[in-house]
Amino acid sequence: MAIEDFGGGFGHAGLVQRARAMDKSGMNAASVLLRVARDFALPARCPGCGVVVEGDDRFCLECWSALEFLSRDGCDLCNMPMGGVEGMTCGRCLAQAPSHDGVRAAVGYCDIARGVALKLKYSGRPAMARLIAAQLVRHFDPAPGDLLIPVPLHRWRIWSRGYNQSVLIARALAGRAGGDLAIDALIRTKRTPLLRGLGAVERAKMMRGAFAVRKDARASLAGRHIWLVDDVYTSGATANACAKALKRAGATRVTILCWARVLRADD
Ligand SMILES: [Zn+2]
Ligand SMILES: [Zn+2]
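Residues numbered from 1 in each chain as written. Chains lettered and ligands numbered in written order. Predicted model: local features only at pLDDT ≥ 70, side-chain atom pairs only at ≥ 80, totals over all residues. Heavy atoms only, no water.

Trainee: Could you clarify how one ought to interpret the sheet that holds strand 6 (residues 225-233) in this entry?
Mentor: Hydrogen bonding along the main chain pairs the strands of a sheet, whether they run parallel or antiparallel. In spatial order, the strands read 1-7-6-2-3; together these five strands make up an open sheet with parallel pairing. Here the strands that pair on one side only, and so sit at the sheet edges, are strand 1 (103-108) and strand 3 (180-181). Sheet topology note: the strand 2 (residues 147-150)/strand 3 ladder contains two bridges and is parallel. Across the sheet, leucine 147 pairs through a bridge with aspartate 180, a residue of strand 3. Each of strand 1 and strand 7 (253-261) touches helix 6 (residues 126-136); the most contacted strand, strand 7, lies at about 120° to it. Of the strands in this sheet, strand 2, strand 3, strand 6 and strand 7 are in contact with helix 8 (residues 165-177), which crosses strand 6 at around 125°. (Pairing = 2+ DSSP bridges. Helix = DSSP H or I, 4+ residues; strand = E, 2+ residues; numbered from the N terminus. Contact = heavy atoms within 4.5 Å. Axes fitted to C-alpha atoms, helices over the stretch in contact; angles between N-to-C directions.)

Structure (C-alpha cells):
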C-alpha cells in the first residue's frame, strides 16, 4: 500500500462528513465543531512525530519507514512473525491454544504505533481511528453475516473518558470497508486494573469473567464469525476473555483485528 493511500479530503464536504462521522462516535455537537474548526485551522501533522505533512491522516516518510507492517504469515493463531513461514502455529499457541481463532494486526508495537494508540485513546481524534481503519482494511475480509464487535470498556471508564477507542476504530472500519456492527453486544462486567507490567498468567487471571454477552444479543451471535476490534494486542488475555464470552453465546469463530501487536516481551 502506498503512502498516498492515506488520502483525506479537506473541502467543505469533507469537513461536513468529518463532523457527521464524529457525531456518530458519541461526542456532543459543540466539541465536534470545535475539533473540526481546530483541524481546519491547523496544518496536517504526522501522527507519529508531529512534523507537518501534506495531507490529513498521513505519516511522514520517516515514521512510515520505521513502522513494521505485519502480514498474515506469522503464527496462524496469534500472528507472531515466524520468519516468513506460513500456516504454522507457534510454540506458545501449541502449548496453550488461545480461545480466539486468529489475530490480524496492522503493525508491530513500537513507539510510533504506541503514540497513535495513545492519541486515539486520550485525545479522541477521529483522524487516528480513520488512519488505523485504513491500515486494517487489508486484513478485513468479512463474509455475509459476519459481525464487527469492539472490545468494550467498563462503563466507569467510558464515563471518565467519554468514549471507547475500539468503537471508534470499528465504526471507521465499517464506514470504509462495510460490515455489520454490533457495538453493544459484548459488555464488560468487571472493572479491571490496567494490565501493564503484569505477566501473561496474571493478565489472564485478571481478565477471567470480565466480559459477557448481553442476553438480548445472544440470538444475533449464534453461528456467527465475529471480528473483534481492539487497539493493541499484548498477551491476548483481553482477546481470549472476550472470545470465550462470545463463543459461550454461540459465536463459531472469533478473529481479532487490532492496530498494533506487541512482538517483544519487554514492550
Ligand atoms: Zn513522522
Ligand atoms: Zn501463536
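Trainee: Where do I start with the coordination of the zinc ion (ligand 1) in this structure?
Mentor: Any two of four tetrahedral donors ideally make an angle of 109.5 degrees at the metal, while pairs among six octahedral donors ideally make 90 or 180 degrees. The protein atoms donating to the zinc ion (ligand 1) are Cys46 (SG), Cys49 (SG), Cys60 (SG) and Cys63 (SG), with metal-donor distances spanning 2.3 Å. Here the zinc ion (ligand 1) is ringed by four donor atoms whose angles at the metal span 106 to 115°, and the overall shape comes out tetrahedral. In the primary structure, the donors to the zinc ion (ligand 1) are separated according to the pattern C-x2-C-x10-C-x2-C. Taken together, the residues span a long stretch of sequence, with cysteine 49 in the loop between helix 2 (29-41) and helix 3 (61-66) and cysteine 60 in the loop between helix 2 and helix 3 at a distance of 11 residues. Its relative accessible area of 43% is what places cysteine 49 among the partly exposed residues. Judged by its relative accessible area of 12%, cysteine 60 is buried. (Donors = N, O, S within 2.8 Å, 3.2 Å for Na, K, Ca; no water. Tetrahedral: all angles 85-135°; square planar, octahedral: opposite > 155°, others 65-115°. Buried < 20%, exposed > 50% of the residue type's maximum accessible area, 1.4 Å probe, protein only.)

Trainee: Can you help me understand the coordination of the zinc ion (ligand 2) in this one?
Mentor: Of the protein atoms, only Cys75 (SG), Cys78 (SG), Cys90 (SG) and Cys93 (SG) coordinate the zinc ion (ligand 2), at distances of 2.3 Å. For the zinc ion (ligand 2), the four donor atoms in the first shell make angles of 106 to 113° at the metal, so the coordination geometry reads as tetrahedral. One chain supplies every donor to the zinc ion (ligand 2), and in sequence these donors are spaced C-x2-C-x11-C-x2-C. With cysteine 78 in the loop between helix 3 and helix 4 (91-95) and cysteine 93 in helix 4, this pair connects stretches of sequence that are 15 residues apart. Overall, cysteine 93 belongs to the buried group, its relative accessible area being 6%.

Trainee: Looking at this model, I keep getting lost on a positive patch on the surface. Mind explaining?
Mentor: On the surface, a cluster of positive charge is made up of Lys190, Lys205, Arg208, Lys215, Arg218, Lys244 and Arg248. Mapping arginine 208 onto the fold places it in the loop between helix 9 (200-207) and strand 5 (211-213). Residue arginine 208 is classed as exposed on the basis of its relative accessible area of 58%. (Patch = residues over 30% accessible without salt bridge, like charges linked within 9 Å, V, L, I, M, F, W, Y side chains within 5 Å. Areas by Shrake-Rupley, 256 points an atom, 1.4 Å probe, with all protein chains shown as cover. Salt bridge = Lys/Arg side-chain N within 4 Å of Asp/Glu carboxyl O. Lys, Arg positive; Asp, Glu negative; His and termini not counted. Charge placed at Lys NZ, Arg CZ, Asp CG, Glu CD.)

Trainee: Before we go on, may I ask you to explain helix 5 (residues 111-123) in this structure?
Mentor: What sets the pattern is the α-helix's 3.6 residues per turn: residues three or four places apart point alike. For helix 5, with 13 residues, the first-to-last C-alpha span of 17 Å sits near the 18 Å given by 1.5 Å per residue. Buried within helix 5 are the following residues: Ile112, Ala113, Val116, Ala117 and Leu120. For helix 5, the buried positions fall inside an angular range of 140° around the axis, keeping them on one side. Residues of helix 5 that are exposed and point more than 90 degrees away from the buried face comprise Asp111 and Tyr122. Of the surrounding elements, those touching the buried residues of helix 5 are helix 3, strand 1, helix 6, helix 8, strand 6 and strand 7. (Expected span 1.5 Å × (residues − 1). Arc of directions from axis to C-beta.)

Trainee: How should the confidence of the model for the chain be read in this particular structure?
Mentor: Parts of the model with low pLDDT should not have their predicted coordinates read in detail. Residues at a pLDDT of 70 or more form 83% of the chain, whose mean pLDDT is 83. Every residue in residues 1-26 scores below 50 in pLDDT, and together they form 44 contacts with partners more than four places removed in sequence or on other chains. (pLDDT = per-residue confidence, 0-100.)

Trainee: Any chance you could explain unusual backbone geometry here in plain terms?
Mentor: If a residue is not glycine, its phi is most likely negative; likewise, a peptide bond is most likely trans. Unlike most non-glycine residues, asparagine 79 shows phi in positive territory, near 70°. Within the element layout of this structure, asparagine 79 appears in the loop between helix 3 and helix 4. On the basis of relative accessibility, which here comes to 4%, the residue asparagine 79 falls in the buried class.

Trainee: Honestly, the pairing of strand 7 in this entry has me stumped. Any pointers?
Mentor: Regular strands place their side chains on alternate faces of the sheet. Counting buried positions along strand 7 yields eight of nine residues, so the element is predominantly enclosed. The sheet contact formed by strand 1 and strand 7 spans five bridges and is parallel. Among the inter-strand pairings, glycine 108 is bridged to a residue of strand 7, identified as arginine 261. Across eight bridges, strand 6 lies against strand 7 in parallel orientation. When the bridges of strand 7 are listed, histidine 225 appears paired with arginine 253. The β-α-β motif built from strand 6, the intervening helix 11 (residues 237-248) and the parallel element strand 7 has right-handed crossover chirality. (Right-handed = clockwise from strand over helix to strand, strands pointing away.)

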